[in-house]
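# Breakdown of the fold
These are the residues of each chain, in order.
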Amino acid sequence: ASLNDPYTKFLDPKEFADETSSIKGSLKGIGIQIGVKDGKLMVIAPIEDTPAERAGLQADDEILEIDGVSTKGITVDKAADKIRGKEGTQVTLLVKRKDVAPKTYTITRAEIEIKSISQKLPTDMTIPNDFCYIRLSSFISRNAATEFGNILNTNRNKKGFIIDLRSNPGGLLTNAIYISDMFLDGGTIVSTVDRDGYKETQRASAGVYTKKPVVVLINKGSASASEIFSGAMKDNHRAVIIGEQSFGKGLVQEINKLPYESWINITIQKYLTPNGTDINKKGITPDIVVKLTEDDVKNKNDLQLKKAVEV
């Protein structure tokens, strides 16, 4: 609070173990990424194929209460502590969605396996066989870039790639840089700026995995590393970005060890897209805006994916 930064946080030994397990690829809870935005506890994104997603939680939902206790003034850490718990136990959330009356969700906690990559389409819709669809649900796992590269390698003969970053809450900066580099033949990927104004620029190496056309799908749940990747692809004119304005997290954290097995996750830099745009609290603007209504979601009418195929 003293730094006015919801992303700087102290981690006790248990919290650090939880964060490490996320990077390794598993954790216990209901499977949502949460954040505090304008003082409100928000769902950044549900993780694919988890109790939270199956219960119907969506990006941009506001969590008003956890087990009957108001979330007013709560930190992300305290909220996560209350939502996590033993496998098989339940947590009750009071959730408010834009223009809809608050609704109670009782969700059973489970072991959450964080899968980074999937090629399974989000609805029953089919796409032409000569396109490759890749859903990247998070940049958290250390294996994300390797898994992604393997899929690109085995699909080199496809006519085009649709990369779905919708509701991808981000993760490791290095993953965003490695995956961007797979598509960019030189050019800037991202610049980071520290508090003294020192600017460091990450550039793509020569050579690419593929020169085929690319479409990237984003929405309001696409945050952090998702925005680095989509910003790099947009500003380098390497992909067409389709969907809705992204979340707007343009800050970089570093983890530092403290005494007694505790750690601090501290914001050390902001990042800029290749064109020098600071997207914090603003997000990435798609080249083609396609919004999904509640009815579209309910009827599995994926207008954004349809537009991606068309483009």
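In case you missed it, the structure is sitting above this.
The sections below set out a description of the structure shown in this document.

Turning next to the overall build of the chain. Secondary structure assignment for the chain yields 8 helices and 19 strands. Expected size for 311 residues packed as a compact globule is a radius of gyration near 19 Å; at 19 Å, the chain falls within 12% of this value. Taking the principal axes of the C-alpha coordinates as reference, the chain spans close to 50 × 50 × 30 Å. Of all 311 residues assigned to the chain, the portion counted as buried reaches 48%. As displayed, the chain has an accessible area near 15,400 Å², and 50% of this comes from carbon and sulfur atoms. For the chain, the distance from the average site of its 43 positive side-chain charges to the average site of its 41 negative ones is 2 Å.

Attention shifts here to the pairing of strand S11 (residues 131-136). Among the 6 residues of S11, 5 are classified as buried, and the element is accordingly described as predominantly covered. Sheet topology places strand S10 (residues 117-118) next to S11; 2 bridges connect them, and they run antiparallel. Looking at the pairing, Ser 118 lines up with Arg 135 of S11. Of the strand pairs in this sheet, S11 and strand S12 (residues 160-164) are connected by 5 bridges, and their pairing is parallel. Counted as the bridge partner of Ile 134 is Ile 163 from S12. Between the parallel elements S11 and S12, the chain passes through helix H4 (residues 144-154) in a crossover that is right-handed.

Attention now moves to the side chain of Ser 224. With respect to the secondary-structure elements, Ser 224 resides in the loop between strand S15 (214-218) and helix H6 (225-235). For Ser 224, a relative accessible area of 10% translates into the label buried. Beyond its immediate sequence surroundings of up to four residues, Ser 224 is in contact with Pro 169, Gly 170, Gly 171, Lys 249 and Tyr 271.

Here the focus is the packing of H4 against helix H5 (residues 173-181). It is at 9 Å that the axes of H4 and H5 come closest, and there the two elements cross at 20°. Between H4 and H5, the angle is such that the two are roughly parallel. Two packed elements cross with a definite hand, and for H4 against H5 that hand is right-handed. Contacts from Ala 144, Ala 145 and Phe 148 of H4 reach H5 at Asn 175, Tyr 178 and Ile 179. For the contact of H4 with H5, a count of residues per class yields 5 nonpolar, 1 polar and no charged.

With that settled, consider the side chain of Ser 118. Checked against the element boundaries, Ser 118 lands in strand S10. Polar contacts involving the side chain of Ser 118 include one to the main-chain amide nitrogen of Lys 120, which spans 3.0 Å. The residues touching Ser 118, leaving out its near neighbours within four places in the chain, are Glu 48, Tyr 133, Ile 134 and Arg 135.

This structure, assessed with the given rule, holds 11 salt bridges. Between Lys 14 and Asp 81 there is a salt bridge; the shortest N-O distance is 3.5 Å. On the criterion of sequence distance, the pair formed by Lys 14 in helix H1 (residues 13-24) and Asp 81 in helix H3 (residues 76-83) is long-range, its members being 67 residues apart. Here Asp 81 falls in the partly exposed class, since its relative accessible area comes to 36%. Arg 166 is the partner of Asp 302 in a salt bridge, and the nearest nitrogen-oxygen pair spans 2.8 Å.

With that out of the way, let us pick up the packing of aromatic side chains. Under the counting rule described, the total for this entry stands at 3 aromatic pairs. Measuring from centroid to centroid gives 6.1 Å for Phe 148 and Phe 183, while their planes differ by 75°, and the two rings are edge-to-face. Linking Phe 148 in helix H4 with Phe 183 in the loop between H5 and strand S13 (188-194), this pair joins segments that are 35 residues apart in sequence. In this structure an aromatic cluster arises from ring pairing among Phe 148, Phe 183 and Phe 229.

Calculation criteria
- Residues numbered from 1 in each chain as written.
- Predicted model: local features only at pLDDT ≥ 70, side-chain atom pairs only at ≥ 80, totals over all residues.
- Heavy atoms only, no water.
- Helix = DSSP H or I, 4+ residues; strand = E, 2+ residues; numbered from the N terminus.
- Rg over C-alpha atoms; globule rule 2.2 N^0.38 Å.
- Buried < 20%, exposed > 50% of the residue type's maximum accessible area, 1.4 Å probe, protein only.
- Areas by Shrake-Rupley, 256 points an atom, 1.4 Å probe, with all protein chains shown as cover.
- Lys, Arg positive; Asp, Glu negative; His and termini not counted.
- Charge placed at Lys NZ, Arg CZ, Asp CG, Glu CD.
- Pairing = 2+ DSSP bridges.
- Right-handed = clockwise from strand over helix to strand, strands pointing away.
- Contact = heavy atoms within 4.5 Å.
- Axes fitted to C-alpha atoms, helices over the stretch in contact; angles between N-to-C directions.
- Parallel < 35°, antiparallel > 145°, perpendicular 65-115°, else oblique.
- Left-handed = near helix turned anticlockwise from the far one by under 90°.
- Nonpolar A, V, L, I, M, F, W, Y, C, P; charged D, E, K, R; others polar.
- Polar contact = N/O pair within 3.5 Å; in protein donor to acceptor, adjacent residues only side chain to side chain.
- Salt bridge = Lys/Arg side-chain N within 4 Å of Asp/Glu carboxyl O.
- Phe/Tyr/Trp six-rings, centres within 6.5 Å; stacked < 30°, edge-to-face > 60°.

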